[in-house]
Amino acid sequence: MYSRVYIEITNVCNMNCSFCHGHSRDKRFMSEDAFNLILDRLSGQTEYIYYHLMGEPLLHPLLPVFLKTAKNKGYKSMITTNGTLLNKCGDDIINAGIHKVNISVHSFEESDNDEYLNYLGKIADFAEKANYAGVIIVLRFWNNGIDEAKNNFAIDYFRSRFDGDWAENSKGLRIRNKMFIEYGDRFGWPDKNAEIQGDEVFCYGLRDHFGILCDGTIVPCCLDSDGVINLGNVFDSDIESILSSERAAAMKSAFDCRKASEELCRRCAYAQRFSKTK
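Summarised in this report is the structure supplied together with it. (Residues numbered from 1 in each chain as written. Predicted model: local features only at pLDDT ≥ 70, side-chain atom pairs only at ≥ 80, totals over all residues. Heavy atoms only, no water.)

1. Quick notes on the sheet that holds strand S4 (residues 100-104)
Judged by pairing direction, the sheet is mixed, and its 11 strands sit side by side in the order S6-S7-S8-S5-S4-S3-S2-S1-S9-S10-S11 without closing on themselves. Strands at the two margins of the open sheet, each flanked by one partner only, are strand S6 (167-168) and strand S11 (232-233). Here strand S1 (residues 4-7) pairs with strand S9 (residues 209-212) via four bridges, running parallel. The partner of Ile-7 across the bridge, within S9, is Ile-212. (Pairing = 2+ DSSP bridges. Helix = DSSP H or I, 4+ residues; strand = E, 2+ residues; numbered from the N terminus.)

Take a look at the structure:
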């Protein structure tokens, strides 16, 4: 089984963050029938569903319905969000049985302090309520060194809002049970026009995860924002045959040798962090 599968329920976003690669595909929202079919075809493949590759999942009007359906089918749902809509639909996703919410707090690093403080307040209100309901909350600061001191400002604010141990761990801070702060470096997305990143390449794509774009295209990792490595379509073929195809097998075999069979992977800065440590 895969440790997680990314299902892009929409590729539409309400922000234009400087760190996001974006995409050139037509804007769309996944239908309820399409989502149900994907869940059925994923049976036995994973237990954990993430609701994005591109796009802001909270924009999808059927998200609470999707969450309830996934829970009824035995999946645990994880969302990564920019947090701007949590004050509007936070209660709905809590009540629908969301398992974990990652909030990219660095999404608002370019805002002024008043706007940022209002944003942090909405996040804190949701996080407190969701955590009390048993939801795992991760406050992400994936912008080490380029945050213009906003990280410290935000963390000081959260310290004033959340009681807890505030103990250091390998990824950041454990505030309390099921509530965390997570640090990370900004990374370079794979891009077919980027420079080749190095001779050695290793990736966990197709090893512990894969992604499904909102048109059904299966991609090997959560960073193939334009579906450059199109392995097949979940609406046309069963997932097992797609993931065991000659192209997918060549990718996994190449990674075993610390090589890349796909040109996009050679141009992925994110993969280099695994190439150096694997």
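Don't stop here, the text continues.
2. Observations concerning the packing of helix H3 (residues 86-95) against helix H4 (residues 113-132)
Packing of H3 against H4 leaves a shortest axis separation of 10 Å and a crossing angle of 10°. The orientation of H3 with respect to H4, classified from their angle, is roughly parallel. In contact with Leu-86, Asn-87, Gly-90, Asp-91, Ile-93 and Ile-94 of H3, H4 contributes Lys-122, Phe-126, Lys-129 and Ala-130. Of the residues that constitute the contact of H3 with H4, the class distribution is five nonpolar, two polar and three charged. (Axes fitted to C-alpha atoms, helices over the stretch in contact; angles between N-to-C directions. Parallel < 35°, antiparallel > 145°, perpendicular 65-115°, else oblique. Contact = heavy atoms within 4.5 Å. Nonpolar A, V, L, I, M, F, W, Y, C, P; charged D, E, K, R; others polar.)

3. Things to note about helix H2 (residues 63-72)
Those residues of H2 lying buried are Leu-63, Phe-66, Leu-67, Thr-69 and Ala-70. Buried residues in H2, looked at end-on, bunch into an arc of 165°, giving them a common side. Of the residues in H2, the exposed ones pointing more than 90 degrees away from the buried face are Lys-71 and Asn-72. After H2 finishes, the residue Gly-74 shows a positive phi value of roughly 95°. (Buried < 20%, exposed > 50% of the residue type's maximum accessible area, 1.4 Å probe, protein only. Arc of directions from axis to C-beta.)

4. Points about the pattern of salt bridges
Enumeration according to the criterion identifies 14 salt bridges in this entry. A salt bridge links Glu-128 to Arg-176; the shortest N-O distance between them is 2.7 Å. Of this pair, Glu-128 sits in helix H4 while Arg-176 sits in strand S7 (residues 172-176), and the two are 48 residues apart along the sequence. A residue is classified by how much of its surface remains accessible, and Arg-176, at 17% relative accessible area, is buried. Salt-bridge contacts for Asp-165 lead to Arg-174; the nearest nitrogen and oxygen are separated by 2.8 Å. By relative accessible area, Asp-165 is classed as exposed at 58%. A relative accessible area of 28% places Arg-174 in the partly exposed class. (Salt bridge = Lys/Arg side-chain N within 4 Å of Asp/Glu carboxyl O.)

5. Considering the nonpolar core
Looking at soluble globular proteins, one finds that nonpolar side chains tend to be buried together. The biggest cluster of nonpolar side chains holds 73 residues, and the ones touching the most others in it are Leu-139 and Phe-158. At eight residues, the largest contribution of residues to this core is made by H4. With residues near it in sequence (within four places) discarded, Leu-139 still touches Ile-103, Val-105, Ile-123, Phe-158, Phe-162, Ile-175, Phe-180, Ile-181 and Glu-182. Judged by nonpolar contacts, the second largest core, of six residues, contains Tyr-6, Leu-53, Met-78 and Leu-213. (Core = buried A, V, L, I, M, F, W, Y, C linked by side-chain atoms within 4.5 Å.)

6. Focus: the packing of helix H1 (residues 32-41) against H2
Their axes nearest at 11 Å, the elements H1 and H2 cross at an angle of 25°. Taken together, the axis directions place H1 and H2 in an arrangement best described as roughly parallel. Helix-helix and strand crossings are classified by hand; for H1 and H2 the assignment is right-handed. Residues Glu-32, Phe-35, Asn-36 and Leu-39 of H1 form the contact with H2, whose own contacting residues are Val-65, Phe-66, Thr-69 and Ala-70. Of the residues assigned to the contact of H1 with H2, the class counts are five nonpolar, two polar and one charged. (Left-handed = near helix turned anticlockwise from the far one by under 90°.)

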